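Structural overview for review
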Amino acid sequence: MSEALQHDIVIVGGGGAGLRAAIAVTECDPGLSVAVVSKVYPMRSHTVAAEGGAAAVIKDNDSLDEHAYDTISGSDWLADQDAVEALVQEARGELIRLEHWGCPWSREPDGHVAVRPFGGMKIERTWFAADKTGFHLLHTLFQTSLKYERIVRYDEWFVTRLVVDDGRCRGVVAIELRTGLVRLIAAKAVILCTGGAGRIFPFTTNGAIKTGDGMALAYRAGVPLKDMEFVQYHPTGLPGTGILITEAARGEGGIMLNKHGERYLKDYNLGEPLDITDPRHPQKLTMELGPRDKLSQAFVHEQEKGNTIASPFGDVVHLDIRHLGKKTIDRKLPFVRELATNYAGIDPVKEPIPVRPVVHYMMGGIHTDIDGATPLVGLYAAGECACVSVNGANRLGSNSLTEILVFGARAGHAAAQLARELPGVGSAGRTTVLQAQAKDEQDRIARDYLRKEGGDERIAAIRDDMYYAMESGAGIYRDQSSLKQTCTMLADLRERCHDIHLDDRSNCFNTELTAALELQFMLEVAETVAHSALARTESRGSHQRTDHPKRNDATFLKHSLAYRSEDAPPRIDYLDVTITKWPPGERVYGADTVQATADQS
Ligand SMILES: Cc1cc2nc3c(=O)[nH]c(=O)nc-3n(C[C@H](O)[C@H](O)[C@H](O)COP(=O)(O)OP(=O)(O)OC[C@H]3O[C@@H](n4cnc5c(N)ncnc54)[C@H](O)[C@@H]3O)c2cc1C
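Residues numbered from 1 in each chain as written. Predicted model: local features only at pLDDT ≥ 70, side-chain atom pairs only at ≥ 80, totals over all residues. Heavy atoms only, no water.

**A look at the overall build of the protein**
- Across its full length, the protein carries 15 helices and 23 strands.
- Along the three orthogonal principal directions, the C-alpha set of the protein runs to about 70 × 50 × 50 Å.
- Burial analysis of the protein (601 residues in total) assigns 62% to the buried set.
- Taking contacts inside the protein between residues at least 6 apart in sequence as the whole, the part at least 24 apart equals 75%.
- Carbon and sulfur atoms form 49% of the exposed surface of the protein, whose accessible area is close to 21,500 Å². (Helix = DSSP H or I, 4+ residues; strand = E, 2+ residues; numbered from the N terminus. Buried < 20%, exposed > 50% of the residue type's maximum accessible area, 1.4 Å probe, protein only. Contact = heavy atoms within 4.5 Å. Areas by Shrake-Rupley, 256 points an atom, 1.4 Å probe, with all protein chains shown as cover.)

**As for the packing of helix α4 (residues 133-145) against helix α10 (residues 399-421)**
- In contact at an axis separation of 11 Å, α4 and α10 are set at 15° when each is read in the N-to-C sense. With respect to α10, the axis of α4 lies roughly parallel. The crossing of α4 and α10 is right-handed. Two secondary-structure elements touch here, α4 through Thr133, Leu137 and Leu141 and α10 through Leu401, Ile404 and Leu405.
- Tallied by class, residues from the contact of α4 with α10 come to 5 nonpolar, 1 polar and no charged. (Axes fitted to C-alpha atoms, helices over the stretch in contact; angles between N-to-C directions. Parallel < 35°, antiparallel > 145°, perpendicular 65-115°, else oblique. Left-handed = near helix turned anticlockwise from the far one by under 90°. Nonpolar A, V, L, I, M, F, W, Y, C, P; charged D, E, K, R; others polar.)

**So, the nonpolar core**
- Judged by nonpolar contacts, the single largest core of 80 residues is most densely connected at Leu192, Ile200 and Met466.
- Looking at which element gives the most residues to this core, the answer is helix α14 (residues 511-535), with 13 residues.
- Each residue touching Leu192, except ones within four places of it in the same chain, is listed here: Val12, Leu162, Gly214, Leu217, Ala218, Ile366, Leu379, Tyr380, Ala381, Ala382 and Cys385.
- Membership of the second largest hydrophobic core comes to 43 residues, among which are Trp105, Ala382, Leu401 and Leu405. (Core = buried A, V, L, I, M, F, W, Y, C linked by side-chain atoms within 4.5 Å.)

**Let's talk about the sheet that holds strand β11 (residues 189-192)**
- Pairing is parallel in the open sheet, where 5 strands are placed in the order β7-β3-β2-β11-β18. Both edges of this open sheet fall to β7 (151-155) and β18 (379-381), since each of them pairs with a single strand only. On average, adjacent strands in this sheet sit at an angle of 20° to one another, irrespective of strand direction.
- Both strand β3 (residues 34-38) and β7 contribute to a ladder of 5 bridges, which runs parallel. Counterpart to Ser38 in the pairing with β7 is Asp155. (Pairing = 2+ DSSP bridges.)

**Considering a negative patch on the surface**
- Judged by side-chain charge, Asp456, Asp492, Glu495, Asp499 and Asp567 come together as a negatively charged surface patch.
- Examined against the element boundaries, Asp492 turns out to sit in helix α13 (residues 480-497).
- According to the relative accessible area criterion, Asp492 is partly exposed, its value standing at 44%. (Patch = residues over 30% accessible without salt bridge, like charges linked within 9 Å, V, L, I, M, F, W, Y side chains within 5 Å. Salt bridge = Lys/Arg side-chain N within 4 Å of Asp/Glu carboxyl O. Lys, Arg positive; Asp, Glu negative; His and termini not counted. Charge placed at Lys NZ, Arg CZ, Asp CG, Glu CD.)

**A closer look at the site of the ligand**
- Surrounding the ligand, one finds 38 residues, the nearest of these being Ser45, His46, Thr47, Glu384 and Leu401.
- The backbone of Lys39 places a nitrogen or oxygen atom 2.9 Å from a nitrogen atom of the ligand.
- For the ligand, a nitrogen atom lies 3.5 Å from a polar atom in the side chain of Arg395.
- Compared with its free state, where it exposes 1,000 Å², the ligand has 98% of that area covered by protein.
- Broken down by secondary-structure element, the contributors of at least two residues to the shell around the ligand are α1 (16-28), β3, β8 (157-165), β16 (353-362) and α10.
- The element best represented in the shell around the ligand is α10, accounting for 4 residues.
- Across the shell around the ligand, the residue classes break down as 14 nonpolar, 19 polar and 5 charged. (Near = heavy atom within 4 Å. Polar contact = N/O pair within 3.5 Å; in protein donor to acceptor, adjacent residues only side chain to side chain.)

**Some words on the pairing of strand β23 (residues 568-576)**
- Direction of pairing for strand β22 (residues 558-565) relative to β23: antiparallel, over a ladder of 7 bridges. Across the sheet, His559 pairs through a bridge with Leu575, a residue of β23.
- Between the antiparallel neighbours β22 and β23 lie 2 residues, among them Asp567 with a positive phi of about 50°.

**Description of the pattern of salt bridges**
- The full count for this structure, using the stated rule, is 51 salt bridges.
- Of the charged contacts in the structure, one is a salt bridge between Arg250 and Glu247, with a shortest N-O distance of 3.5 Å.
- One salt bridge connects Arg571 with Asp573, and the closest N-O pair in it is separated by 3.8 Å.
- Linked through salt bridges whose partners overlap, the residues forming this network are Asp76, Glu229, Asp293, Arg536, Glu538, Arg540, Arg551, Asp553 and Arg587.

**Looking at the sheet that holds strand β13 (residues 231-237)**
- Here we have 4 strands laid out as an open sheet, ordered β13-β16-β15-β14, and antiparallel in their pairing. In the strand order of this sheet, the two ends are held by β13 and β14 (255-257), each with one partner. Recorded for the sheet is a direction-independent mean angle of 45° between the axes of neighbouring strands.
- In this structure, β13 lies alongside β16, joined through 5 bridges in antiparallel fashion. Bridging across to β16, Val231 finds its partner in Met362.
- Relative to β13, helix α7 (residues 292-304) is tilted by about 65°, and along the sheet it contacts β13, β15 (317-320) and β16.

**Focus: the domain arrangement of the protein**
- Taken domain by domain, the protein consists of domain 1 (1-51 + 132-230 + 363-562) and domain 2 (235-357).
- For domain 1 versus domain 2, the distance between C-alpha centres works out to 32 Å.
- Residue-level contacts link 13 residues of domain 1 with 21 residues of domain 2.
- Across the domain 1 to domain 2 interface the summed buried area is about 1,400 Å²; carbon plus sulfur atoms make up 60%.
- Together, Glu51, Phe203 and Tyr477 form the three largest contributors to the area buried by domain 1 at its contact with domain 2, with a combined 44%. (Domains from an automatic or database assignment. Buried area = accessible area lost by both parts, 1.4 Å probe.)

**Let's talk about the packing of aromatic side chains**
- Evaluation of the coordinates by the stated rule reveals 8 aromatic pairs.
- Where Phe201 meets Tyr233, the ring centres are 6.3 Å apart and the plane angle is 75°; that geometry is what we call edge-to-face. You can see Phe201 sitting in the loop between β11 and α5 (213-220) and its partner Tyr233 sitting in strand β13, a full 32 residues away along the chain.
- Between Tyr264 and Tyr268, the ring centres sit 6.5 Å apart and the planes meet at 85°, which makes this aromatic pair edge-to-face.
- Between Arg116 and the ring centre of Phe128, over which it is positioned, the NZ or CZ distance is 3.8 Å.
- Cation over ring: Arg356 sits above Phe203, and NZ or CZ is 4.3 Å from the ring centre. (Phe/Tyr/Trp six-rings, centres within 6.5 Å; stacked < 30°, edge-to-face > 60°. Lys NZ or Arg CZ within 6 Å of the ring centre and 35° of its normal.)

Have a look at this one:
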């Protein structure tokens, strides 16, 4: 084994949450040494792809309670309300801090920060940098992190295991992809910021690296995954590629049309259509700005009614932004125009954009408290891999970028606090025990992959079958029999994984090896999704059971927790939702439904 590396804190992930957490640690104590480990160069993290914006109350017509209420009702009352209150309270400070670090937020003509409407947000509060918000946000965090010498980056290192000793998480084992060396990075605390797992489905907006690694790492270490059945479909993905057409297109006034050219959303209790020829209305909240779960479900109903449009990549509907005009499109939605032109072959200035629902975001993730702490001492999680939970059964667009900042910072502060209380660096005195675990991991990788004899399973074949299992049984609508079938298929795929054969036995950037490891992570995550969905016999937010179409607060106003069992399906348990001021109610959408929050308490 190579010598162990030592840091006070290891952060796995160089996306928005990881970099914000790293900066937070050094802000808290500049003496602490921080490792940021990322399987890709940080600027390639999925955060860079975020388009539409980040939510925070800034205008006089808005309030923290309105933001909290929209988030909670959008979550179908499954979000923890103390976590939502922390989100909305700290959001504006985070976005202003980002401005001071150099983030070029788009402006009103008078110089104030501009905000745009977003789905399920009844008041405009989404800050944006044109439609390349994630790009600017991640650059800002990255350049800021470079100021701190104590932040050490391990770019293109792939974490395969957490090391746990004496009931505490004390570091990670990672493959240095350039050399193939398996190394121990010992630490007093680990923060997982590994992003989502959309890649367990075939049609997704998620980058190829979003394979749920951190969720699976925590799960294998005994930490439960929370609310995994809640998978967000975004209503406007480009057919074929799954590339996202941001909700900002509807925020700026875009409308959804079926094959008869009708604004079909009027039939789905999302409010009245506003006259888009009225110049004031593109700035108003129309029914197209309903929440993502309801819009994606409406697509399925239109499909059943025969109202969708056939395309070479499946049925689509149209997203029409032509009435906004070339000038507005080029100024506010340049990326939408670029993507539609390059990937759908149509110019949205002249033609409507073909779109269909696409897997976009995991509401569930690693179970944490409001400071990112998991039940395993020394292990924290933040960002999309975590479930704190502010998104409940359905996330509102533009809350996630805010979440990665607010809870990235919180997790960083909490981990720094823990590290300061412990003497020395690294895992002081425990390295022999930890090195033994790293050696175990090195042996496992050699035995199961690099030096394995025999085996005739191919990664791509198992992955395709996983896609089929998830899409056919655990998609927008599910029922008991479809979910049971998915669970059975996934168990079978897990068995087949034992027979994977790699052609590439080399050490240098062995992408076949990482694909095999990612596949195993994905299968474990997929099992938690399917089993949690099977156990939840109600419909709530993005989890729609055709055999249990109603929300059932009496039994299921609860988070589900999936625990790993050795060679058996996950064990599902439940945890109460934290309610502070907003008792469960009905989700109501439409242009005139801004809530008087005093009535809610
Ligand atoms: C196309 C698109 C557009 C979006 N637009 C918006 C938007 O406008 N507003 C909004 O609020 N949200 C948006 N979202 C959601 C939001 O961007 C993400 O939820 C958020 O950026 C996730 O950030 P993160 O830091 O948690 O993870 P990521 O940015 O995904 O970063 C994960 C990091 O973990 C590392 N990693 C993972 N596994 C390993 C491993 N095994 N070893 C080492 N490193 C590892 C990766 O290398 C990466 O650095 C969008 C998402 C997509 C896909």
